[in-house]
Amino acid sequence: MMLTLRRLAPALLALLPLRAVAQGVEGPSSSMLDGSVAKLHQHAQAILQAVPDMPRYLSDAAQAFGKATSAAGTGRMLITIVACLAAGIVAEWVLRRVTAGTSARLVAQEPATAVERLTRFGIDALLRAATVGTFAVGMLVVWLAIEWPAQIRESGTALIAALLWCRMILAGLRLLLRPADGSDRMLAAFELDVPTAALWYRHLGGFVCWYAFGWAIIATLRVFGVPRPGLEVLAYVLGLGLVAIAIALVWRRPLDGTNTGRLGAKAGRWLATFVVVVFWMMWTSGAMNGFWLLTVVVFTPMTIKAARHAARHLMRPVVGPDGTVGPVSVAAVIVEQAMRAAAILAGIAVLLVGWKLDVGSLAAQEDALTRLLRGGLHALIILLAADLGWNVIKALADNALANAQASAGVDANEARRRARVRTLLPIGRNIAAILMLVMAALMALSALGVEIGPLVASAGVVGVAVGFGCQTVVRDIISGMFYMLDDAFRVGEYIQSGSYKGVVESFSLRSVKLRHQRGPLFTIPFGMLGAVQNMSRDWVIVKDQIGITYDSDVDKAKKLIKQIGLELAKDPDLAPNILQPLKMQGIEQFGEYAINIRMKMMTKPGEQFVIRRRANAMIKKAFDENGIKFAFPTVTLAGKGDDHEAVAAAAPAPTRLRNGTSAATNSTSAARTPASSTSRTAAASSSPPAMSASCCPRSPAPAPGSSARLRTRRTWRNRASGTPST
């Protein structure tokens, strides 16, 4: 919902240099520019004057250092340095020996859930922090136990601080990146392969250590009398090493697949190189306001992106047995949003400290620029809080939907509850998003000093006008709310409303989408639904009829159908969907050529089609094996001699009678034999029509001793046309 936070924060932070310039220089804009140019000129002149004097500065510092070491004792210093390192290493070794069992148990246990992974990551972080802390305590105990001259104490403390800083940063990088291939790679905070993680570890570790020891060297030279211009020259020279490390990382870093082609990759690397050089140039030129602003604008989005990847990868859900990955957990969202807010607040703090702004004085002033800046910061905090709230709500909804998707192995009540969750939760999530967006926008405008009372009143008037002008939309929305309250249908159910029918795929505030079984997708406003026929609730009664001949054994057919019902109920694939087994209810009616028997069974909605097809196949096979014949209409024509054969050959096609049957129009006698019909389902598609008693009038029997007899069977195949086939 809050898509512009990462861009909005640097934009709001960019307002701060205006305040810094306004506090530092008085007068019109031209005077401020002249003052800035004058400061840059003075800084450059001081640096250029200090360059020729650097050999002298370093020589004087070396002499001062020699005098201090002579006074303190060179051998004593060397022994103390070795003792400090030895004490730190021994203390660290003892701690590792004590915690070896805990570390071994942690390595042996593979985390099965995101919570277990995060817990093990936290324990590992505590162990690494304790290791570095123990090393620091061991060194400082020996170092502080000995009295040193002031210069030696300050320089030694700076070097020890640089060493501890490097140890702490390297331990943190090793904790996050896991550059070595081992069983703890699953705890890495970023999804990187081992070579890429090692590349980042080497370059970031080298950058931090170069910076830390460079700072310690400059602090030591300051103690031994090197003036500020000389220290700045040395710092700028050491800064070239930082530039080289950063450029090496830019060009050695493997592509992450987001660049579009070789040209795009090169352009991105050249741009990053240019930014690194600009950093160094702004630093060396003394344009620190621009330096801190560029630092925040560049590194705040990078930090937010890295925090998001770390939180989501470290707290990633466990992959299921089928390879599916669940939604992002609520804890991961909270950690991600907290780290994003911390990164933005850290950027604000960096600007306040770098520009030497007094927060108290800014809060006390009431000029337009200060009010705008203060309101912008308040609006930023409101948007961050709204973003956190929305992402938490979204994560809760996504997790609830993911849990409601699985319906296997649950009872009917739980399945209905999950279907209701799948139906109502997306609508509730959309409503929450709209409310959160409106409230955050109004509160942000109020923080910026905009009067929101007229806006709310105008919105009410516009709402009334829109309500009168969009009655259809309002009717659709209100109808949809009542459909949801009545639980008329849910996502995944098959419904029919008028001429529309299909499976409910999704909802919106004013319409429902139905997927027809043949593929078309209907989008129907709720106001047009009317009465809804839900075909996916609770149970379905399947009733069917089949026709057997009059000479068939009805009791035997009943036993066979009951046995088939029991076999279907024992089928492991079909049994869970059969609520009442198939059984024969009895003789429905005596037809003209068939005995119609009725069958019935109860199944779960949507499963009746597969079960009925299997039952029909089994009934056909069982009846054939036991001599029970399916009925179908037949006509037998009999005659005597050649005349009868000629008459039969010349007999016209049967004609349609009033009752929908067919009859022969010739005078040849036709003897009606017992006939039968198929089931009601088959009769609807391909069964012949029932034949009435007046279809074929019975002719006198042929005379005894006749030498020839013609018998021709005609079967009606097309019920719609009534045309017989011979």
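Quick caveat: nothing in here was measured; it's all calculated off a predicted structure.

Caption draft 1: Representation of unusual backbone geometry. A positive phi angle, close to 50 degrees, is found at Arg178, a residue other than glycine. Arg178 gets classed as buried once you look at its relative accessible area, which sits at 2%.

Caption draft 2: Molecular detail of the packing of aromatic side chains. Taken as a whole, this structure holds 12 aromatic pairs when the rule is applied. An angle of 85 degrees between the planes, with centres 5.2 Å apart, marks the rings of Tyr236 and Trp283 as edge-to-face. In this pair, Tyr236 sits in helix α10 (residues 228–252) while Trp283 sits in helix α11 (residues 261–285), placing the two residues 47 residues apart along the sequence. When the centroid spacing of 5.7 Å and the interplanar angle of 85 degrees are considered together, the rings of Phe279 and Phe291 count as edge-to-face.

Caption draft 3: Spatial organisation of the confidence of the model for the protein. Of the residues in the protein, 77% have a pLDDT of 70 or more, and the chain-wide mean is 76. The element-level mean pLDDT for the protein is lowest in strand β12 (residues 670–671), coming to 34, with helix α9 (residues 194–223) highest at 91. The low-confidence segment residues 1–29, where pLDDT is below 50, has 57 contacts with residues more than four positions distant or belonging to other chains. Note on residues 651–726: pLDDT under 50 across the span, and 162 contacts to partners over four residues away in sequence or across chains.

Caption draft 4: View of the sheet that holds strand β7 (residues 578–590). The strand order β6-β8-β7 describes an open sheet built from 3 strands, whose pairing is antiparallel. Because the sheet does not close on itself, it has two edges, and the strands there are β6 (540–548) and β7. Each adjacent strand pair in this sheet contributes to an overall mean axis angle of 20 degrees, direction not counted. Bridging between β6 and strand β8 (residues 595–603) involves 9 bridges; their strand directions are antiparallel. Its bridge partner lying in β8, Gly547 is registered against Asn596.

Caption draft 5: Molecular detail of empty space enclosed by the protein. Counted under the stated rule, the structure contains 3 cavities of 30 Å³ or more. Space inside the largest cavity adds up to approximately 60 Å³. What lines the largest cavity is Val542, Lys543, Asp544, Leu582, Met599, Lys600, Met601, Arg612, Ala615, Asn616 and Ile619. It is helix α20 (residues 608–625) that provides the largest number of residues to the lining of the largest cavity, a total of 4 residues. Among the residues making up the lining of the largest cavity, the classes are represented as 6 nonpolar, 1 polar and 4 charged.

Caption draft 6: Inspection of the pattern of salt bridges at higher detail. Tallying each qualifying case throughout the model produces 15 salt bridges. When the shortest N-O distance is used, the salt bridge between Asp124 and Arg178 registers 2.8 Å. Note that Asp124 is positioned in helix α7 (residues 114–144) and Arg178 in the loop between α8 (150–177) and α9, a separation of 54 residues in sequence. Each member of the pair, Asp124 as well as Arg178, carries the same accessibility label: buried. In the salt-bridge network here, residues are joined through shared partners; they are Glu92, Arg96 and Arg167.

Caption draft 7: Structural context of the side chain of Ser497. By secondary structure assignment, the location of Ser497 is in strand β1 (residues 494–497). Ser497 gets classed as buried once you look at its relative accessible area, which sits at 4%. Within the local environment of Ser497, its side chain forms a polar contact with the backbone oxygen of Ala531, the two atoms lying 3.4 Å apart. Contacts of Ser497, omitting those with residues within four sequence positions, involve Leu529, Gly530 and Ala531.

Caption draft 8: Structural context of the nonpolar core. Core analysis: the largest hydrophobic core is formed by 28 residues, its most contacted members being Trp143, Trp148, Ile152, Leu221, Phe224 and Val226. Mapped by element, the contributors of at least two residues to this core are α3 (29–50), α4 (54–72), α5 (74–98), α7, α8, α9 and α10. With 6 residues, the top contributor of residues to this core is α4. With residues up to four places along the chain from it excluded, the contact list for Phe224 reads Asp60, Ala61, Ala64, Phe65, Ala68, Gln151, Ile152 and Ser155. Among the nonpolar cores identified, the runner-up in size contains 25 residues, and Leu582, Met584, Ile597 and Ile628 belong to it.

Definitions and limits used
All residue numbers refer to positions counted from 1 along the written sequence of the respective chain. Per-residue local features of the predicted model are confined to residues with pLDDT of at least 70, and side-chain atom pairs are confined, for both listing and counting, to 80 or more; whole-chain, interface and lining totals are unaffected and use all residues. The side-chain quantities take in all heavy atoms of the structure and omit both hydrogens and water. Exposure classes here rest on a 1.4 Å probe applied to the protein chains alone. A residue is buried below 20% of its type maximum, exposed above 50%, and partly exposed in between. Think of it this way: a Phe, Tyr or Trp ring, Trp meaning its six-membered ring, pairs with another when their centres are within 6.5 Å, and the plane angle makes it stacked under 30 degrees, edge-to-face over 60, tilted otherwise. By definition, any uninterrupted DSSP run of H or I lasting at least four residues is a helix, any uninterrupted run of E lasting at least two residues is a strand, and each is numbered from the N terminus. Confidence per residue, as judged by the predictor, is encoded in pLDDT with a range of 0 to 100. What makes two residues a contact is simply this: any of their non-hydrogen atoms within 4.5 Å. DSSP bridges decide pairing: two strands pair if at least two such bridges lie between them. Axis definition: a line fit to C-alpha positions, over the contact stretch in the case of helices; interaxial angles, taken between N-to-C directions, run 0 to 180 degrees. Buried and open spaces are told apart on a 1 Å grid over the protein atoms alone, a cavity being a set of points where a 1.4 Å probe fits but cannot get out and a pocket being an open set with protein on both sides within 12 Å along at least five of seven lines. Residues with an atom within 4 Å of a point are the lining residues. Grid points are joined across faces, edges and corners, and a volume is the space filled by probe spheres set on the points. Only Asp, Glu, Lys and Arg are considered charged, only Ala, Val, Leu, Ile, Met, Phe, Trp, Tyr, Cys and Pro nonpolar, and every remaining residue, Gly among them, polar. Salt bridge, as used here: a side-chain nitrogen of Lys or Arg that lies within 4 Å of a carboxyl oxygen of Asp or Glu. The definition of a polar contact used here is a pair of N or O atoms within 3.5 Å, where within protein one atom must be able to donate a hydrogen and the other to accept one, and adjacent residues in sequence count solely through side-chain atom pairs. Here, the term nonpolar core denotes a set of buried Ala, Val, Leu, Ile, Met, Phe, Trp, Tyr and Cys residues that are joined through side-chain atoms within 4.5 Å.

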